[in-house]
Amino acid sequence: MNANNPFARLPEAASFTVTSANVTDGAAWSPEQLSAGVPGGKDVSPQLSWSGAPEGTKSYAVTVYDPDAPTGSGFWHWAVADIPATVTELPEGAGDDTGSGLPEGAFQLPNDARMARYIGAAPPAGHGPHRYFVVVHALAVESIGVPAEATPAFLGFTIAGHILGRAVLTATAETSA
């Protein structure tokens, strides 16, 4: 793991709380949240609950990002935009192929594997531990205004101009050599 901080050059934002029934902050992902390409992995998005978002929050976005991927730009595993401000939880599996557990109006953007769904952790064998930043972004707009085919990086760029708060949960994964 390296010291790469994916928030170091982003605007400051108030913090609030995100929790999960599937992972504890700083702990390893549950097998269900690993990639189907890893033994025991199932590509199931984690359950998430959040509270304490800043006043004025009009929507949320959720992202899962691995800055330790050996790509030069990390790896985006999941991105969801336009979650209504009245929603404070996503059920486990919300990030399936259909987004069946997402609230009305919310949508998934294609991840770095170009699939509009959650794809689980699968660090290269022997590469060491990877961090997965699960982030709920509290936004000052009802719709972030990005097209459904946009990249998660473009979503992040757009979020930067509308961010009110950021709730972060960090999971880990490592694949033995």
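All residue numbers refer to positions counted from 1 along the written sequence of the respective chain. With pLDDT at 70 or above as the cut-off, local features in this predicted model cover only qualifying residues; side-chain atom pairs require 80 or more to be listed or tallied, and sums for whole chains, interfaces and linings still use all residues. Hydrogen atoms and water are omitted, and side-chain values are computed over all heavy atoms in the structure.

### Concerning the overall build of the protein chain
Part 1 of the argument: A run of DSSP states H or I qualifies as a helix once it reaches four residues; a run of E qualifies as a strand once it reaches two. Both are numbered from the N-terminal end. From N to C terminus, the protein chain includes one helix and nine strands.
Part 2 of the argument: Secondary structure elements of the protein chain occur, N-terminal to C-terminal, as β-β-β-β-β-β-β-β-α-β.
Part 3 of the argument: For the radius of gyration, the atom set is restricted to C-alpha positions; the globular benchmark scales as 2.2 Å times the number of residues to the power 0.38. Relative to the compact-globule value of 16 Å for 177 residues, the protein chain shows a C-alpha radius of gyration of 15 Å, a close match.
Part 4 of the argument: Counting only C-alpha atoms, the protein chain reaches 45 × 35 × 30 Å along its principal axes.
Part 5 of the argument: Each residue's exposure class comes from its accessible area (1.4 Å probe, protein chains only) as a fraction of the maximum for that residue type: buried when under 20%, exposed when over 50%, partly exposed otherwise. For the protein chain, the proportion of its 177 residues judged to be buried stands at 50%.
Part 6 of the argument: When checking whether two residues touch, look at their non-hydrogen atoms; a contact exists if any pair is within 4.5 Å. Put simply, of all contacts in the protein chain between residues at least 6 apart along the chain, 73% involve residues at least 24 apart.
Part 7 of the argument: Summed over its atoms, the accessible surface of the protein chain is roughly 8000 Å², and 53% of this surface lies on carbon and sulfur atoms.
Part 8 of the argument: Positive charges are assigned to Lys and Arg, negative charges to Asp and Glu, while His and the chain termini are left out of the count. Note on charges: their place is set at NZ of Lys, CZ of Arg, CG of Asp or CD of Glu. Across the protein chain, the 7 positively charged side chains and the 17 negatively charged ones have centroids separated by 6 Å. The Shrake-Rupley method, run with a 1.4 Å probe sphere, supplies the accessible areas, and residue values consider only the shown protein chains as cover.

### So, the sheet that holds strand E3 (residues 48-51)
Hydrogen bonding along the main chain pairs the strands of a sheet, whether they run parallel or antiparallel.
Part 1 of the argument: Overall, antiparallel pairing links the three strands, which are arranged E2-E3-E6 in an open sheet. The two strands at the open ends of the sheet, each matched to only one other strand, are strand E2 (17-19) and strand E6 (89-90).
Part 2 of the argument: Two strands are counted as paired when DSSP detects at least two bridges linking them. Direction of pairing for E3 relative to E6: antiparallel, over a ladder of two bridges. Bridged to Ser 49 within E6 is Glu 89.

### Digging into the packing of aromatic side chains
Part 1 of the argument: Put simply, two rings from Phe, Tyr or Trp (the six-membered ring, in Trp's case) pair if the centres are within 6.5 Å, and we call them stacked under 30 degrees between planes, edge-to-face over 60, tilted for the rest. By the definition in use, this model includes seven aromatic pairs.
Part 2 of the argument: Residues Phe 7 and Phe 133 carry aromatic rings whose centres are separated by 5.6 Å and whose planes lie at 85 degrees to one another, so their mutual orientation is edge-to-face. Pair noted here: Phe 7 is in the segment before strand E1 (14-15) and Phe 133 is in strand E8 (residues 130-139), with a separation of 126 residues, a long-range link.
Part 3 of the argument: You can call Phe 133 buried: its relative accessible area is 10%.
Part 4 of the argument: With a centroid separation of 5.3 Å and 65 degrees between ring planes, the pair formed by Trp 50 and Tyr 60 is classed as edge-to-face. Taken together, the residues span a long stretch of sequence, with Trp 50 in strand E3 and Tyr 60 in strand E4 (residues 59-66) at a distance of ten residues. A single burial state applies to Trp 50 and to Tyr 60, both of which are buried.

### Here's the deal with the sheet that holds strand E7 (residues 107-108)
Part 1 of the argument: Taken in spatial order, the six strands of this open sheet run E1-E9-E8-E4-E5-E7, and their pairing is mixed. Strands at the two margins of the open sheet, each flanked by one partner only, are E1 and E7.
Part 2 of the argument: The pairing of E8 with strand E9 (residues 163-173) spans ten bridges and is antiparallel. From the neighbouring strand, Leu 139 faces E9, where its bridge partner is Ile 163.
Part 3 of the argument: Here an axis means a line fitted to C-alpha atoms, over the contact stretch when the element is a helix, while the angle between two N-to-C directions is reported on a 0 to 180 degree scale. Strand contacts of helix H1 (residues 152-159): E4, strand E5 (75-84), E8 and E9, with the helix running at about 50 degrees to E5, the strand carrying the most contacts.

### As for the side chain of Asp 68
Part 1 of the argument: Inspection of the secondary structure assignment puts Asp 68 in the loop between E4 and E5.
Part 2 of the argument: Overall, Asp 68 belongs to the buried group, its relative accessible area being 6%.
Part 3 of the argument: Whenever a nitrogen or oxygen atom comes within 3.5 Å of another N or O atom, the pair is scored as a polar contact, on the condition that within protein one atom can donate a hydrogen and the other can accept it, and that pairs from neighbouring residues in sequence are kept only if both atoms are in side chains. A polar contact is formed between the side chain of Asp 68 and the backbone nitrogen of Arg 131, at a distance of 2.8 Å.

### Side note on the pairing of E5
Within a regular strand, the side chains alternate between the two sheet faces.
Part 1 of the argument: E5 sits mainly inside the fold: eight of its ten residues count as buried.
Part 2 of the argument: Of the pairings in the sheet, the one linking E4 to E5 comprises seven bridges and is antiparallel in character. Note on E5: the bridge partner recorded for Tyr 60 is Ile 83.
Part 3 of the argument: Inspection of the sheet shows E5 paired to E7 by two bridges, in the antiparallel sense. The residue of E7 that forms the bridge with Val 80 is Gln 108.

### Here we look at the pattern of salt bridges
Opposite charge on two side chains makes pairing possible when the charged atoms of those side chains draw close.
Part 1 of the argument: Any carboxyl oxygen of Asp or Glu within 4 Å of a side-chain nitrogen of Lys or Arg constitutes a salt bridge here. Overall, the coordinates contain two salt bridges when judged by the stated rule.
Part 2 of the argument: In this structure, Arg 117 and Asp 97 form a salt bridge, with 2.7 Å as the shortest nitrogen-oxygen distance. Of this pair, Arg 117 sits in the loop between E7 and E8 while Asp 97 sits in the loop between E6 and E7, and the two are 20 residues apart along the sequence.

### Thoughts on the nonpolar core
The nonpolar side chains of a soluble globular protein tend to be buried, and buried together.
Part 1 of the argument: Here the nonpolar core consists of buried residues drawn from Ala, Val, Leu, Ile, Met, Phe, Trp, Tyr and Cys, with membership extended through side-chain atoms lying within 4.5 Å. Membership of the largest hydrophobic core comes to 29 residues, with the highest contact counts inside it found for Trp 29, Trp 50, Val 62, Trp 78, Ile 83, Leu 90 and Val 136.
Part 2 of the argument: Every element with two or more residues in this core is listed here: E3, E4, E5, E8 and E9.
Part 3 of the argument: In this structure, Leu 109, Leu 139, Val 141 and Ile 163 belong to the second largest nonpolar core, which totals 13 residues.

None of this, on its own, says anything about what the molecule does.
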